[in-house]
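Overview (structure and organization)
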Amino acid sequence: MGELRPKLHRYCARMTGSVVDGEDVVQETMLKAIEAARAGAPILNPEGWLFSIAHHAALDFLRRRAREEARHSSEDLDMIAAAPKPIEDREIAAASLRTFMLLPASQRSSVILSDVLGYSLQEICEFAGGSVPAVKAALQRGRARLRALAAEADDAPVPTLAEPERTRLKTYVDRFNAHDFDAVRAMLAEDVRLEIVNRVRLDGKTSVAPYFGNYAARPHWRFRPGFVDRRPAMLVYDADDPDQRLKYFVLLAWAGERVVGIRDFVFARYAMDGAELAVMD
């Protein structure tokens, strides 16, 4: 399960349109898989079994987001999928998560499993259900729509924060960069919750306080306020990296002036794949 987690995340992030929501679906998938495995039934194809759980968990997530209508499209089951076009298919694999969300869920699932993850039509049927003709139809229509969308300008507005929220985030990040972790701890709510994604969860200011010692021991890390999938975040860089590439991110949840939630993706860097990233001015 651990080995497949990054691959599952690539699928779930594109199905939900967000690397953060994708991680939530992956976690739900893991919980459901553990519960099912405890029942003791034989698992003949673990990869197919996990992707089937992930597929249904993603659809459940979409239903909860009131996007049920996206699953229903009038597809011609007799259509045959177009032959792969290597250059165009690489463009499809690199499409933004927001672009994938413009496809109906059945087309989105087929394109992700085929063109992003490289599964066969038979495997897609096993993971997501349906017939080979239906998958071919969804795949052709999804590819055509993504190619058309790739030719259109991306007019999404640049994410912004209102001044109080902007100042609050910048203050938190500035204190991180100064290694003033006593001041950082002072910003925490008493009931703050920490999730080090793919590792551990802790509740309460006393339990969370030692977490900052890990950053105190890493003076080469540098931090900037920004956005991940249009959500405010602390972006983490390695000052020793000559290319200054973004390594991972930390999401923060606030209640007034206090931090009530921290989601640190240091051990889930696979979530960077496909993330929409922006640095705050």
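Refer to the structure above for everything that follows.
We now turn to the structure provided with this report. (Residues numbered from 1 in each chain as written. Predicted model: local features only at pLDDT ≥ 70, side-chain atom pairs only at ≥ 80, totals over all residues. Heavy atoms only, no water.)

Look at helix 7 (residues 121–128) against helix 8 (residues 132–150): their axes get within 9 Å of each other, and the N-to-C directions meet at 100 degrees. What the angle tells us is that helix 7 and helix 8 run roughly perpendicular. The residues of helix 8 that touch helix 7, namely those facing Leu-121, Ile-124 and Cys-125, are Val-132, Val-135, Lys-136 and Leu-139. Residue composition of the contact of helix 7 with helix 8, by class: 6 nonpolar, no polar and 1 charged. (Axes fitted to C-alpha atoms, helices over the stretch in contact; angles between N-to-C directions. Helix = DSSP H or I, 4+ residues; strand = E, 2+ residues; numbered from the N terminus. Parallel < 35°, antiparallel > 145°, perpendicular 65-115°, else oblique. Contact = heavy atoms within 4.5 Å. Nonpolar A, V, L, I, M, F, W, Y, C, P; charged D, E, K, R; others polar.)

One finds Leu-8, Tyr-11, Met-15, Phe-51, Phe-100, Leu-113 and Leu-117 to be the most contacted residues of the largest nonpolar core, which totals 36 residues. Listed by contribution, the elements that provide at least two residues to this core are helix 1 (5–16), helix 2 (19–38), helix 3 (46–64), helix 6 (105–116), helix 7 and helix 8. Considering each element in turn, this core owes the most residues, 9 residues, to helix 3. With 27 residues, the next largest nonpolar core counts Leu-169, Val-236, Val-250 and Met-280 among its residues. (Core = buried A, V, L, I, M, F, W, Y, C linked by side-chain atoms within 4.5 Å. Buried < 20%, exposed > 50% of the residue type's maximum accessible area, 1.4 Å probe, protein only.)

Attention now moves to the packing of helix 1 against helix 2. Direction vectors running N to C along helix 1 and helix 2 enclose 125 degrees, while the axes themselves pass 7 Å from each other. Relative to helix 2, the element helix 1 is oriented oblique. The chirality of how helix 1 crosses helix 2 is right-handed. Between helix 1 and helix 2, the residues in contact are Arg-5, Leu-8, His-9, Cys-12, Ala-13 and Thr-16 and Val-19, Asp-21, Gly-22, Glu-23, Val-25, Val-26, Gln-27 and Met-30, respectively. Per-class residue counts for the contact of helix 1 with helix 2 are 7 nonpolar, 4 polar and 3 charged. (Left-handed = near helix turned anticlockwise from the far one by under 90°.)

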